Amino acid sequence: FEQKKAIAQATAALLKSGTSRLNSFQINETFEQYGASVKVSSGPDWASITVSCLTRHLQQVLPVVYEMLTDTQFPQSEIDIYVQNSKQKLSVQLMKSEFIANRKIDEYLFGFEHPYGKYLFAEDYDAIQQQDLKQHVSQLYSSGNCTLFMAGMFSEEDKKLINHIFGS
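Residues numbered from 1 in each chain as written. Predicted model: local features only at pLDDT ≥ 70, side-chain atom pairs only at ≥ 80, totals over all residues. Heavy atoms only, no water.

A.B. asks: Describe the packing of aromatic side chains, and please don't skip the residues or the numbers.
C.D. replies: Enumeration according to the criterion identifies 6 aromatic pairs in this entry. With a centroid separation of 6.3 Å and 70° between ring planes, the pair formed by Tyr82 and Tyr125 is classed as edge-to-face. Pair noted here: Tyr82 is in helix 4 (residues 76-93) and Tyr125 is in helix 6 (residues 122-126), with a separation of 43 residues, a long-range link. The two residues Tyr82 and Tyr125 agree in class, both being buried. Pairing Tyr119 with Phe121 gives two aromatic rings, centres 5.5 Å apart and planes at 55°, and the pair type is tilted. Under the relative-accessibility criterion, Phe121 is labelled partly exposed at 33%. A network of ring pairs unites the aromatic residues Phe112, Tyr119 and Phe121 as a single cluster. Above the ring of Phe121, the side-chain terminus of Arg103 is found at 5.7 Å from the ring centroid. (Phe/Tyr/Trp six-rings, centres within 6.5 Å; stacked < 30°, edge-to-face > 60°. Helix = DSSP H or I, 4+ residues; strand = E, 2+ residues; numbered from the N terminus. Buried < 20%, exposed > 50% of the residue type's maximum accessible area, 1.4 Å probe, protein only. Lys NZ or Arg CZ within 6 Å of the ring centre and 35° of its normal.)

Have a look at this one:
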């Protein structure tokens, strides 16, 4: 559903890059302080945020996750680092025959215009703009497009807290 190549992947990678209240260091420091693991990933069909923490720390961790979803600012300095790292990773991958073969197989099977057949070039990373990332989040990381799964032992108070934070 991305409007520009590389935007879905970049959005997931940069979701913890900073909000209007917290920078990336503060976000990661909060999660580390409470022993929480927050992983954001994306694929051609989905994006996911996986939060693992003790239930006694939900009250401190979940508001930061909510803030990431609703107020990520995507600072340009973080975008620049992401672009540089992604281009470097791509250049290393392009030296591997298996990587190149997999790209070509997907292109031949699905066609280059199909989401499963597309692959990225360095120029695609250079074209990433802050506004594209913000638009992607507002359109696709919204309540109408999200499903919340919970696993573990949750008290009624925990469920009320989760509903209070994410219910709207």
